[in-house]
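Descriptive analysis of the structure
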Amino acid sequence: MRLDGPVIVALAALAGSLVGACSSVVATFLGQRLQARWTRLATELEEREKLYGVFVEEAIHLFVDSIQRSAIDPAKIMRLYAKVAHIRLTSSAAVLRAAEEVGRRLVDAYERPPGDPAEVVARYANGEENLDPLREFTEACRQERAKALQRI
């Protein structure tokens, strides 16, 4: 079978159209896939930030309570440990270790006799080391967030 010039031109045009259509479909597929990944990562980051914020707020209230009294309210401490369990499900090992350490420090704080809140504030203002019970946790959260943003 002999191919004439117009047939070759028509076949070339058809092949070019097919290649163009396929590349368009592939580019769209990859673009949507990347967009979905970015959206999922952004949603995960937002959920973690909310969880970490709630954990920090709850822990701070309990640390203030531990300065004023030495009796642990089991219901309050269990709410904090529920947040730790949620962190265990969604976060990195470093953030989990830091959250568990916050819990241990909190129990230790309740075991000490009640103190003067003004004295604690003054010690914090003077830059006394080891007075911020959430420092390691918040630093681990910040590092986790930075790593997640690098993946985007």
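This write-up is about the structure you can find in this document. (Residues numbered from 1 in each chain as written. Predicted model: local features only at pLDDT ≥ 70, side-chain atom pairs only at ≥ 80, totals over all residues. Heavy atoms only, no water.)

Topic: helix α2 (residues 74–90)
Along its 17 residues, α2 runs 25 Å from first to last C-alpha, staying within 8% of the 24 Å computed at 1.5 Å per residue. Looking at α2, one finds that the buried residues are I77, L80, K83, V84 and I87. Summarising the axial view, the buried residues of α2 lie within an arc of 110°, below the 170-degree limit, and thus occupy one face. Turned more than 90 degrees off the buried face of α2, the exposed positions are P74, M78 and L89. Those residues of α2 hidden inside the fold are in contact with α1 (5–68), α3 (93–111) and α5 (135–151). (Helix = DSSP H or I, 4+ residues; strand = E, 2+ residues; numbered from the N terminus. Expected span 1.5 Å × (residues − 1). Buried < 20%, exposed > 50% of the residue type's maximum accessible area, 1.4 Å probe, protein only. Arc of directions from axis to C-beta. Contact = heavy atoms within 4.5 Å.)

What to know about the environment of R48
Here R48 lies in helix α1. C-alpha separation for the pair R48 and I87, spaced 39 residues apart in sequence, amounts to 8.1 Å. Contacts of R48, omitting those with residues within four sequence positions, involve T90 and E144.

Points about the environment of A13
Residue position: A13 is located in helix α1. Remark: the alpha-carbon pair of A13 and F55, spanning 42 residues in sequence, is separated by 63 Å.

By themselves these figures say nothing about function.
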